[in-house]
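Report on the structure
Letter by letter, the chains look like this.
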Amino acid sequence: MRSHSVPATARGSVSVEFAAVLPLVAISMLLVAQVGVLVVEELSVLHAAREGARAAAIYNDDARARDVVLQAGNLDPERARIQIDPAWRDVGTSVRVSVWYRPAAVPFA
């Protein structure tokens, strides 16, 4: 068997390479986590808009539909803007509920 000895000039290179790559790996992992947070928030807003449209079509009450949107998506009312169209409609007609939601601050910044 041969023993592989490391030359004296290359002994510290592994530590230096690790120190150079570690911040990039950490930033990449945090970026993936932040994208995950944004995707979850987007799905929550989409679900809330669907539930709000369902409530607006069934009950024909915009205030109730807005409450359903906020509750279904667990949304902060300060960061949400909700628009329900058309304003005048019969019960059971098609309704469009648009929800604009300002994303949360970046948790890892």
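Residues numbered from 1 in each chain as written. Predicted model: local features only at pLDDT ≥ 70, side-chain atom pairs only at ≥ 80, totals over all residues. Heavy atoms only, no water.

**Brief notes about the nonpolar core**
Quick note on the threshold: By nonpolar core we mean a set of buried residues, namely Ala, Val, Leu, Ile, Met, Phe, Trp, Tyr and Cys, connected to one another through side-chain atoms within 4.5 Å. Only protein chains enter the accessibility calculation, which uses a 1.4 Å probe; a residue whose area is less than 20% of its type maximum is buried, one above 50% is exposed, and one in between is partly exposed. Helix and strand assignments come from DSSP, with helices taken as H or I runs of at least 4 residues and strands as E runs of at least 2, each series counted from the N terminus.
Membership of the largest hydrophobic core comes to 17 residues, with the highest contact counts inside it found for Val 69, Leu 75, Ile 82, Ile 84, Val 95, Val 97 and Val 99. Contributions of two or more residues to this core are made by helix 1 (13-59), helix 2 (62-72), strand 1 (80-85) and strand 2 (96-101).

**Overview of a nonpolar patch on the surface**
For clarity, the cut-off: Each patch groups residues whose relative accessible area exceeds 30% and which form no salt bridge, using 9 Å between like charges and 5 Å between nonpolar side chains of Val, Leu, Ile, Met, Phe, Trp and Tyr. Throughout, the Shrake-Rupley method with a 1.4 Å probe supplies accessible areas, and for residues the shown protein chains are the sole cover considered. Salt bridge, as used here, is a side-chain nitrogen of Lys or Arg placed within 4 Å of a carboxyl oxygen of Asp or Glu.
Residues Leu 31, Val 35, Val 39, Leu 43 and Leu 46 make up a contiguous nonpolar surface patch of about 440 Å² in total accessible area. Take Leu 46: it is sitting in helix 1. The exposure class of Leu 46 is partly exposed, given its relative accessible area of 38%.

**Regarding unusual backbone geometry**
In this model, Asp 85 is joined to Pro 86 through a cis peptide bond whose omega is -10°. Tracing the chain through its elements places Pro 86 in the loop between strand 1 and strand 2. In this structure, Asn 60 takes a positive phi of about 55° despite not being glycine. The partly exposed category is assigned to Asn 60, whose relative accessible area is 32%.

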